[in-house]
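# Survey of secondary and tertiary structure
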Amino acid sequence: MAAEEVRVEGRTVAEAIRQAAAILEALPEDLEVEVVQHESNGFLGIGRRPAVIIARMAGEPVAGGEGASLSPEEDAASYGVMPGTSGEETPALLSAGVERMPGTVPISTIAADASAGLASEAAGEDDDRPGYAWVEGGRVQVGGGKPPATIIAGDHFDLYVNGRQVAGEAAVRSGDQVEVRPRGEMEKGQWKLTISGDGLAARLVLKPGCQKTWRLKDQFPAARLQLEGEGVARALPALTREELLAELQRQQVVFGIDEEAVRQAVTATEGGEIIVARGQPAQPGEDGRVECLFPTAGANRVEVGEEERVDYRELVVRASAARGDLLAVKVPPRPGKPGHTVTGKVITPPEPRDVELVAGKGTEVIDGQRCVAREEGQPQLHQRRGQVVVDIIPVLLHRGDVDLASGNLKFKGGINITGNVTETMQVAASRDVEISGDVTQATVKAGGSIIIRRNCIGSTLIAGGVHGVYQSVEPLLADLAQQLPLLQAALQQLEREANQQRQPGRQFNTGYLLNILVENKFKKAPAQAYKLEQLTKGVQGGPQEQRLVQLAQELARAFRNPAAMQGLGSAYLERLIAGVQEMAAYCREIPQDGGHITLNYALNSKLQAGGQVKVTGRGCFNTEIIAGGKVEIQGVFRGGSIYASDDVFAQEVGSSGGARTLIRVTEGKTIKAGKIWTNCILQVGKRIRQIDNEESRLMAYLNHEGDLVLGTF
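Residues numbered from 1 in each chain as written. Predicted model: local features only at pLDDT ≥ 70, side-chain atom pairs only at ≥ 80, totals over all residues. Heavy atoms only, no water.

## Side note on the overall build of the chain
Secondary structure summary: the chain contains twelve helices and 50 strands in total. For the chain, buried positions account for 41% of its 713 residues. If you take every contact in the chain between residues at least 6 apart in sequence, the share linking residues at least 24 apart comes to 47%. When the accessible surface of the chain is summed, it comes to about 38300 Å², and 47% of that surface belongs to carbon and sulfur atoms. (Helix = DSSP H or I, 4+ residues; strand = E, 2+ residues; numbered from the N terminus. Buried < 20%, exposed > 50% of the residue type's maximum accessible area, 1.4 Å probe, protein only. Contact = heavy atoms within 4.5 Å. Areas by Shrake-Rupley, 256 points an atom, 1.4 Å probe, with all protein chains shown as cover.)

Rendered as structure tokens:
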């Protein structure tokens, strides 16, 4: 066998080729291979045998010397092809192009198989067999014959052969003690100590160091073995305790050093920030303030018994102040406490601010310390530029929603609501009402105007009430309030005189006397009662309006004819007088300038205003509007009706689906629509027109002849 020829066994021919390539330090495709024996699995494991090959470098002479020739049978047998076979598999074996697969079999097995194969050769060839080395389990092994193997340590390892360090390359033979020691690389950590701008923290920024070593990789046998390794890093603390304490001293950090933070800093193996010292901030004093002695909500809840039947919406009583009540007290300022920076510097606290208690409308401040009420009303407190002002105002400010917790709001003045008005609740005021939220399935009445910042859903709004009706009936009620007590006094006088002259056992007829008084001295009463009934006929609204209608109907029935007056008694007449006087007083409180409604959006609602109605948002859907002034809708008016005593403008009227929509104005007024759909009805005065086609920028008005004209604007 030639010197560069090896005999190798393997489970398969391919495995044997890979082992031979490793021994000869060549690629499989650079070998010439002779298959001595193919592998066989036998029958049920009996008779199993390995594959055996002889491999040499391509171009090396075969045994027998240069120019030796073989018979066809010998040539076929030398490549493992039996005589008489086709020999088609021989080229594939000779190409030996098998991918190297580390880990298919252990390296020690490869080396052992290679040694066994070489040992089977003739003893005379043993000295020519080359040595080889491999790495397994992190240790270098050496095998082979007399020519030594070469080990190259590389940049990351120190090589020791038989206890002596060898630089660069080392020639080793089987039996040599080879030791490989990894070299270490140290990267020093970085750190920086800074003091915050306010001096209240000493902050340490860390970037840990790193110690890097190399772990020897396993490698296949080779005559020249270049040691390979993979890096292993270990984080190290960036600084020592002594270094940190020295830096703290250098920067004069003497206050608030945190020992636990120092310990963490000198043992930390991860980057980040650690506050190693904290100062003590100055404690600010307390500014002067005004202590309010009245509830800012302005309401108290009424306590009721367990069995008492109550309306939970009427359990809240609004807070008010009587003349001379103490409303607020000033609390003087209190100084703070000094602090320290981490360098020991004293931090002076800021001076506390003082506040001035100022008398507003209807209040008085005594000695600058106490505020008392000079008038009755609702107290209110607000601040401005170091001053606290206390007022007594006729406007009720309600913070939050109007719900069962707050109760209904009824106030003789204005009401300002910062939240919503929820289901079934009522808000009634003799002046303006302003609501910041929504009104949902509720009733809002105002003697003045109503402003809703958001939406109105399923609710009734009455602005200015039916102030026109109230103003027209107020003279009648005032006259009746004056005449009916006189009628009652005259009736009582007649009753006394009749009782004195009455014979025993004779019945006294009060109705007869009342009829005589009305016919002879109080002739205007029946006519006034009838006129009051006519003026209130058809009036709709809340409970107060219904009371007016009911009172007018009762007066008309009582004075309709002599037969009706015959049934009147003293008690019933007294009840009518009380109702007339109360309603007359209510009418006098209604403002004379009407009321307006302004809101964002309305759905399934009724809006009734003595003045104008303005919708600033999306518009109105299925809503009824009654206005004594103009109606202006920036969005859509779809479904429902509008009745206005002045002009009406809507950006869009009706819908593409033909929702029935009615707009009515009084004679001489104008209806304008940016866009109007079919099935909409426009009425000016008594003239009516139904829209059959979609129109844009439509204007409806009466011409000089009194005909309804549709034009553009």
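## Brief notes about unusual backbone geometry
Working note: non-glycine residues mostly have negative phi, and peptide bonds are mostly trans. Non-glycine residue Glu25 carries a positive phi angle of around 55°. Checked against the element boundaries, Glu25 lands in the loop between helix 1 (13-24) and strand 2 (31-37). Note on Glu25: relative accessible area 34%, which makes it partly exposed. For Thr424, which is not a glycine, the phi torsion comes out positive at approximately 65°. With respect to the helices and strands, Thr424 occurs in the loop between strand 32 (414-417) and strand 33 (426-429). On the basis of relative accessible area, Thr424 is assigned to the partly exposed category, the value being 48%.

## A closer look at the sheet that holds strand 5 (residues 139-144)
The strands that make up a sheet pair up through hydrogen bonds in the backbone, lying either parallel or antiparallel. Strand order in the open sheet formed by three strands is 5-4-15, and the pairing between neighbours is antiparallel. A strand with exactly one partner marks an edge of an open sheet, and here the two such strands are strand 5 and strand 15 (219-222). Between one strand axis and the next, the sheet turns by 15° as a mean value, whatever way the strands run. Direction of pairing for strand 4 (residues 131-136) relative to strand 5: antiparallel, over a ladder of six bridges. By the bridge assignment, Glu136 is partnered in strand 5 with Arg139. (Pairing = 2+ DSSP bridges. Axes fitted to C-alpha atoms, helices over the stretch in contact; angles between N-to-C directions.)

## A word on helix 5 (residues 241-250)
Within helix 5 the residues assigned to the buried category are Leu244, Glu247 and Leu248. An end-on view of helix 5 places all buried positions within 100° of arc, on one side of the element. Turned more than 90 degrees off the buried face of helix 5, the exposed positions are Glu242, Gln249 and Arg250. Structurally, helix 5 contributes buried residues whose contacts are with strand 12 (190-195), strand 13 (201-207), helix 6 (259-267) and strand 18 (272-278). (Arc of directions from axis to C-beta.)

## With respect to the side chain of Arg56
Relative to the helices and strands, Arg56 is located in strand 3 (residues 51-57). Among the polar contacts made by the side chain of Arg56, one reaches the side chain of Glu5 at a distance of 2.4 Å. (Polar contact = N/O pair within 3.5 Å; in protein donor to acceptor, adjacent residues only side chain to side chain.)

## Some points on the pairing of strand 36 (residues 443-446)
Both strand 33 and strand 36 contribute to a ladder of four bridges, which runs parallel. Paired with Val427 across the strands is Val444, a residue of strand 36. As paired strands, strand 36 and strand 39 (residues 460-463) are joined by four bridges and run parallel to one another. Paired with Val444 across the strands is Leu461, a residue of strand 39.

## Some words on the environment of Asp155
By secondary structure assignment, the location of Asp155 is in the loop between strand 6 (149-152) and strand 7 (157-161). Placed 74 residues apart in sequence, Asp155 and Gly229 show a C-alpha to C-alpha distance of 10.0 Å.

## Here we look at the sheet that holds strand 26 (residues 363-366)
Ordered by their spatial adjacency, four strands build an open sheet running 19-22-27-26, and the pairing between neighbours is antiparallel. Edge positions in the open sheet fall to strand 19 (289-292) and strand 26, since each of these has one partner strand only. Ignoring strand direction, the axes of neighbouring strands in this sheet form an average angle of 25°. Pairing between strand 22 (residues 326-331) and strand 27 (residues 370-373): three bridges, direction antiparallel. The residue of strand 27 that forms the bridge with Val329 is Arg370.

## Description of the packing of aromatic side chains
One pass over the structure, following the stated rule, counts three aromatic pairs. Ring geometry for Tyr601 and Phe621: centres 5.7 Å apart, planes at 55°, overall tilted. Placement of the pair is Tyr601 in strand 40 (residues 597-603) and Phe621 in strand 42 (residues 613-627), with a sequence separation of 20 residues. Consider the rings of Phe649 and Phe713, whose centres lie 6.4 Å apart with planes at 85°: the pair is edge-to-face. Separated by 64 residues along the polypeptide, Phe649 in strand 44 (residues 648-653) and Phe713 in the segment after strand 50 (708-712) bring together distant segments of the chain. Residue classification places Phe713 among the partly exposed residues on the basis of a relative accessible area of 29%. The side chain of Arg618 reaches across the aromatic face of Tyr601, ending 4.6 Å from its centre. When the ring centre of Phe713 is taken as reference, the NZ or CZ atom of Arg697 above it lies at 4.5 Å. (Phe/Tyr/Trp six-rings, centres within 6.5 Å; stacked < 30°, edge-to-face > 60°. Lys NZ or Arg CZ within 6 Å of the ring centre and 35° of its normal.)

## A short note on the state of the cysteines
Enumeration according to the criterion identifies zero disulfides in this entry. Looking at Cys292, it has no disulfide partner, and the nearest cysteine sulfur is the one in Cys371, 9.3 Å off. (Disulfide = S-S within 2.5 Å.)

## Points about the pattern of salt bridges
Within this structure, the stated rule accounts for 22 salt bridges. Salt-bridge contacts for Arg224 lead to Glu169; the nearest nitrogen and oxygen are separated by 2.9 Å. With Arg224 in strand 16 (residues 224-226) and Glu169 in strand 9 (residues 169-172), this pair connects stretches of sequence that are 55 residues apart. A residue is classified by how much of its surface remains accessible, and Glu169, at 44% relative accessible area, is partly exposed. Asp354 serves as the salt-bridge partner of Lys330, at 3.3 Å between the closest nitrogen and oxygen. Taken together, the residues span a long stretch of sequence, with Lys330 in strand 22 and Asp354 in the loop between strand 24 (346-347) and strand 25 (356-359) at a distance of 24 residues. Given the relative accessible area of 15%, Lys330 is considered buried. You can call Asp354 partly exposed: its relative accessible area is 45%. Look at the salt bridges and you will find they share partners, linking Glu5, Glu34 and Arg56 into a network. (Salt bridge = Lys/Arg side-chain N within 4 Å of Asp/Glu carboxyl O.)

## Regarding the pairing of strand 40
Relative to strand 40, strand 37 (residues 450-452) runs parallel, the two being bridged by two bridges. Each bridged residue has a counterpart across the sheet, and for Ile451 the counterpart in strand 40 is Thr598. Summarising the sheet, strand 38 (residues 455-457) and strand 40 pair through three bridges and their orientation is parallel. Following the sheet pairing, Cys456 is matched in strand 40 by Ala602. Judged from the six bridges that link them, strand 40 and strand 42 form a sheet pairing that is parallel. Bridge assignment links Tyr601 to a residue of strand 42, and that residue is Gly619.

## Section: the confidence of the model for the chain
Per-chain confidence: the chain averages 80 in pLDDT, with 81% of residues scoring 70 or above. Residue range residues 63-127 is modelled with pLDDT below 50. Its contacts to residues more than four positions away, or to other chains, number 85 contacts. (pLDDT = per-residue confidence, 0-100.)

## Describing the environment of Ala644
Considering the arrangement of structural elements, one finds Ala644 in strand 43 (residues 631-644). Residue classification places Ala644 among the buried positions, given a relative accessible area of 0%. Residues Ala644 and Thr666, 22 residues apart in the sequence, show an inter-C-alpha distance of 6.8 Å. Once residues lying within four places of it in the same chain are set aside, the contact partners of Ala644 are Ala627, Gly629, Val631, Arg664, Val665 and Thr666.

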